[in-house]
Amino acid sequence: MARRDRPTPILWQFRYSHFNEKARWALDFKAIPHVRRSVLPGFHMLPMYWLSGQSAMPVLQLGGRTIADSTAIIAALEEQYPEPPLYPRNARQRERALALEEYFDEHLGPQLRLAWFFETLPASDFAAAQLTAGADTFTQRSFRVAFPFVREAMKLKMGLNAESAKAARDEVVTALDRLEAEIQPSGYLVGDHFTVADLTAAALLSPVVMPHEFPYPLLRICRKVRPATGRASHVARGSAGPLTSTGATAASRTKWPRPGEGGPGVVRS
Ligand SMILES: N[C@@H](CCC(=O)N[C@@H](CS)C(=O)NCC(=O)O)C(=O)O
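Report on the accompanying structure. All figures in this text were calculated on a predicted structure; none of them were measured in a lab. (Residues numbered from 1 in each chain as written. Predicted model: local features only at pLDDT ≥ 70, side-chain atom pairs only at ≥ 80, totals over all residues. Heavy atoms only, no water.)

1. Some details on the side chain of Gln-130
Note the threshold: Under the scheme used here, helices are H or I runs from DSSP no shorter than 4 residues and strands are E runs no shorter than 2 residues, and both carry numbers assigned from the N terminus. Think of it in three bands: residues with accessible area under 20% of the maximum for their type are buried, residues over 50% are exposed, and the middle band is partly exposed, with areas taken using a 1.4 Å probe on protein chains only. Whenever two N or O atoms come within 3.5 Å, that pair is a polar contact, provided that in protein one can donate a hydrogen and the other can accept it, and provided that, for residues adjacent in sequence, both atoms are side-chain atoms.
The topology assignment puts Gln-130 in helix H6 (residues 124-131). A relative accessible area of 3% places Gln-130 in the buried class. Here Pro-217 takes part through its backbone oxygen, which lies 3.2 Å from a polar atom of the side chain of Gln-130.

See the structure below:
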């Protein structure tokens, strides 16, 4: 079926979420016109269970299928919209790209989230404002009122406490060192092109790196951090505390192309 004749995919998302950014970026990279339906943490559970039988976002409705999990979403997009590719054509490179995607999904994404929320959830005004950034005033105010309950639910769901946050921070630093070590002379993680491995690492680091390309408002909490590279602004505005490590430097060096950004029919929500 020609691209233009296919039903418009619907992405169910949290705006402020790095796993959701991973799926958004894949859609944008492939310039796939789609609709975004944003929900708020805590209020997402019922609709997501109803839609997909589980609660984690992102969820993509694509040609009659409902797909949960960013990795599965990218695999489905790659199948239905192969151009431009996110998977290398070469089998060994593809294997490496998928292995790196899995590594960052398992060892960077959840840990960065834990460390990040451990620092920010106690700051109720900031955290509630970030989680509702861009929403209308009524939504923002209502969410702020409900936030103490949402926060407790989030802490329970993530198993968030001082000990788990410390372990998560250590694992993030290990993952950042691995990222630094894996970047090839080309500047990409696999071969000479941007692949799912680069997309995954960069999207999952977006809460720390705060790239300009992030499509929703990111609230700045950071003091000045000494620039580490020629693209220091990406590092400096995002890095807070112990996550300012070599890997944040590596992420700022990684290329961040979004060929399909704002492509025809991409509906921002
Ligand atoms: N492995 C999943 C992880 C998704 C995930 O952890 N999503 C978080 C937001 S970053 C979420 O929806 N948490 C709420 C919940 O699980 O109910 C993926 O790659 O999509």
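Next comes the rest of the account.
2. Quick look at the environment of Ser-124
Threshold: Should any heavy atoms of two residues lie within 4.5 Å, those residues are counted as being in contact.
You can see Ser-124 is positioned in helix H6. Sequence-wise, Ser-124 and Pro-148 are 24 residues apart; in three dimensions their C-alpha atoms are separated by 7.7 Å. Apart from the residues lying within four places of it in its own chain, the contact partners of Ser-124 are Arg-144, Phe-147 and Arg-151.

3. Examining the site of the ligand
Our working definition: We call a residue near a molecule or strand as soon as one heavy atom of that residue lies within 4 Å of the molecule or strand.
Taken together, Phe-14, Ser-17, Phe-19, His-44, Ser-55, Ala-56, Met-57, Pro-58, Asp-69, Ser-70, Arg-113 and Lys-157 make up the full set of residues adjacent to the ligand. At 2.7 Å from an oxygen atom of the ligand is found a side-chain nitrogen or oxygen belonging to Arg-113.

4. Observations concerning unusual backbone geometry
Of the consecutive residues Met-57 and Pro-58, the connecting peptide bond is found in the cis state with omega at 10°. Here Pro-58 shows up in the loop between helix H2 (45-52) and strand E3 (59-62). A cis geometry characterises the amide bond from Glu-83 onward to Pro-84, with omega recorded as -15°. Despite not being glycine, Ala-31 has its phi angle at roughly 50°, a positive value. Position of Ala-31 among the secondary structure elements: in the loop between helix H1 (18-29) and strand E2 (35-38). Judged by its relative accessible area of 26%, Ala-31 falls in the partly exposed class.

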